[in-house]
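Geometric and topological summary
Here is how the chains run, residue by residue.
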Amino acid sequence: MYAQMVKSTGQGVKSRDEMSAEERDFQDKVDADIRIEPRDWMPEGYKKTLIRQIGQHAHSEIVGQLPEGNWITRAPTLERKMILLAKVQDEAGHGLYLYCAAETLGVTRDEMTEMLLSGKMKYSSIFNYPTLTWADIGAVGWLVDGAAIMNQVPLQRTSYGPYARAMVRICKEESFHQRQGYDIMMRMARGSEAQKRMAQDALNRFWYPSLMMFGPSDANSVHSEQSMAWKIKINTNDELRQKFVDQTVPQAEYLGLSVPDENLKWNEEKGGYDFSEPDWDEFFDVLRGAGPGNTQRLTDRQKAWEDGAWVREGLMAHAEKKAARKVAAE
Ligand code: FAQ
């Protein structure tokens, strides 16, 4: 049933006159910042958009474990290994809170996983880029978690209660993730010449993919207008991208690294940096499945899903047996 639900909802926002009485009441609640809870009436489009966004977000957390998990066995010290292990486990937890939040909307985790594996649901473009060196783990924490926080802090005020509540804890943990990444970068940037080169190379490769995390430019965003009217999104993609650049450039300067953008320049008038757009053709290629790591990521998720089948079957058999015993006892 979910297959038909994932279709884009970007058909423009209804005016008040076009809304039904139920839709108007719903919009009034959203406008008054009253949280929408699972049992409340909600428009089908609101539900679909939430399932798409929360599901995609959950998949991103789970797939996002792969590029970092790859480095657990190669972390340079025991302390770094423990920190990275904790971070990767946190990402699994984030995926679970988010799957649970999506399940309150009537979709199951199994359905969402099958949609991911068949390519009908997405995960964040960023996780299709490889982590080639230890400095990349620093760059992922600093830039990728930094971008994730920039996007997720406002989502703590999103209109759907279970999603907003999941975000509170996720944001706290993401702050630790960002900090540990910056700490790795600081150590490398102040290390040997070779370490500094690795740090700069990681920044060069992760800068533009991190900017892509915020989604296409506002002019090409299909869902923003409606999602913002429903307060599923609080800011536009370009607003958050600008905030991220403004926050991150001074951090790069403090590290003594240079952002790979010749057009980067402080703009006094707008009170923010002018910067180059990412290569949007590359972004859409990655979304279509042609990024450097798409095939590997989905192959890994497919294998994990198949390897875990016996656990799911065992749990189902146990639940069925328990239910049958209960019926027999009644
Ligand atoms: N990647 O109309 P819009 C993390 C798609 S969590 C892939 O602007 P929307 C933690 C979009 O789905 C990172 N697809 O879409 C971590 C739509 O296609 P559709 C994930 C993308 O939804 C750190 C189409 O393009 N965070 O990193 C992307 O209004 C380290 C048109 O775009 C979230 O998911 C993309 N980057 O805005 C874990 C946050 N951007 O679905 C491990 C919640 C756009 O119609 C290690 N999500 N698309 O086929 C959001 O805030 C929004 O969904 C946006 C996109 C802002 C991502």
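Overview of the structure. These numbers come from a predicted model, not from an experiment.

**Comments concerning unusual backbone geometry**
Even without being a glycine, Asp33 presents a positive backbone phi close to 60°. Residue position: Asp33 is located in the loop between α2 (21-31) and α3 (44-63). Phi at Lys231 is positive, roughly 55°, even though this residue is not glycine. Along the chain, Lys231 turns up in the loop between α10 (224-229) and α11 (237-255).

**Regarding the packing of aromatic side chains**
All chains considered together, the criterion is met by 10 aromatic pairs. Judged by centre distance (6.2 Å) and plane angle (80°), the rings of Phe26 and Trp41 are edge-to-face. Remark: Trp41 occurs in the loop between α2 and α3 and Phe26 occurs in helix α2; sequence separation between them is 15 residues. When its relative accessible area of 2% is taken as the criterion, Phe26 is described as buried. The class for Trp41 is partly exposed, based on a relative accessible area of 39%. Pairing Phe283 with Phe284 gives two aromatic rings, centres 5.0 Å apart and planes at 70°, and the pair type is edge-to-face. On the basis of relative accessible area, Phe283 is assigned to the buried category, the value being 4%.

**Quick look at the side chain of Gln180**
By the secondary structure assignment, Gln180 is in helix α8 (residues 161-189). With a relative accessible area of 7%, Gln180 lands in the buried category. Excluding anything up to four places from it in sequence, Gln180 contacts Arg80, Ile83, Lys87, Ile137 and Gly141.

**Brief notes about the site of the ligand**
Looking at the ligand, there are 35 residues lining it, with Lys122, Ser221, Val222, His223 and Lys233 nearest. One nitrogen or oxygen atom from the main chain of Ser125 is found 2.8 Å from a nitrogen atom belonging to the ligand. In this structure, an oxygen atom belonging to the ligand sits 2.7 Å away from a side-chain N or O atom of Ser221. For the shell around the ligand, the elements supplying multiple residues, two or more each, are α3, α5 (78-103), α7 (134-155), α8 and α12 (280-290). A breakdown of the residues in the shell around the ligand according to their chemical character gives 13 nonpolar, 13 polar and 9 charged.

**Description of α11**
The end-to-end C-alpha distance of α11, which contains 19 residues, comes to 27 Å, matching closely the 27 Å that a straight helix rising 1.5 Å per residue would cover. Residues of α11 that are buried include every one of Asn237, Leu240, Arg241, Gln242, Phe244, Val245, Thr248, Val249, Gln251, Ala252 and Leu255, and no others. On its buried side, α11 packs onto α7, α8, α9 (193-212), α10, β2 (272-274) and α12. Residue Gly256 follows α11 closely and has a positive phi angle near 80°.

**Section: the pattern of salt bridges**
Across all of its chains, the model carries 17 salt bridges by this definition. Close ionic contact of Arg165 with Glu37 constitutes a salt bridge, the shortest N to O distance being 2.8 Å. Of this pair, Arg165 sits in helix α8 while Glu37 sits in the loop between α2 and α3, and the two are 128 residues apart along the sequence. Of the residues examined, Glu37 reaches a relative accessible area of 24% and is grouped as partly exposed. Among the salt bridges present, the one from Arg205 reaches Asp136, with a minimum N-O distance of 2.7 Å. Taken together, the positions of Arg205 in helix α9 and Asp136 in helix α7 put the pair 69 residues apart, joining distant regions of the chain. Residues joined by salt bridges that share partners form a network here, namely Glu68, Lys87, Glu91 and Asp145.

About the thresholds
- Residues numbered from 1 in each chain as written.
- Predicted model: local features only at pLDDT ≥ 70, side-chain atom pairs only at ≥ 80, totals over all residues.
- Heavy atoms only, no water.
- Helix = DSSP H or I, 4+ residues; strand = E, 2+ residues; numbered from the N terminus.
- Phe/Tyr/Trp six-rings, centres within 6.5 Å; stacked < 30°, edge-to-face > 60°.
- Buried < 20%, exposed > 50% of the residue type's maximum accessible area, 1.4 Å probe, protein only.
- Contact = heavy atoms within 4.5 Å.
- Near = heavy atom within 4 Å.
- Polar contact = N/O pair within 3.5 Å; in protein donor to acceptor, adjacent residues only side chain to side chain.
- Nonpolar A, V, L, I, M, F, W, Y, C, P; charged D, E, K, R; others polar.
- Expected span 1.5 Å × (residues − 1).
- Salt bridge = Lys/Arg side-chain N within 4 Å of Asp/Glu carboxyl O.

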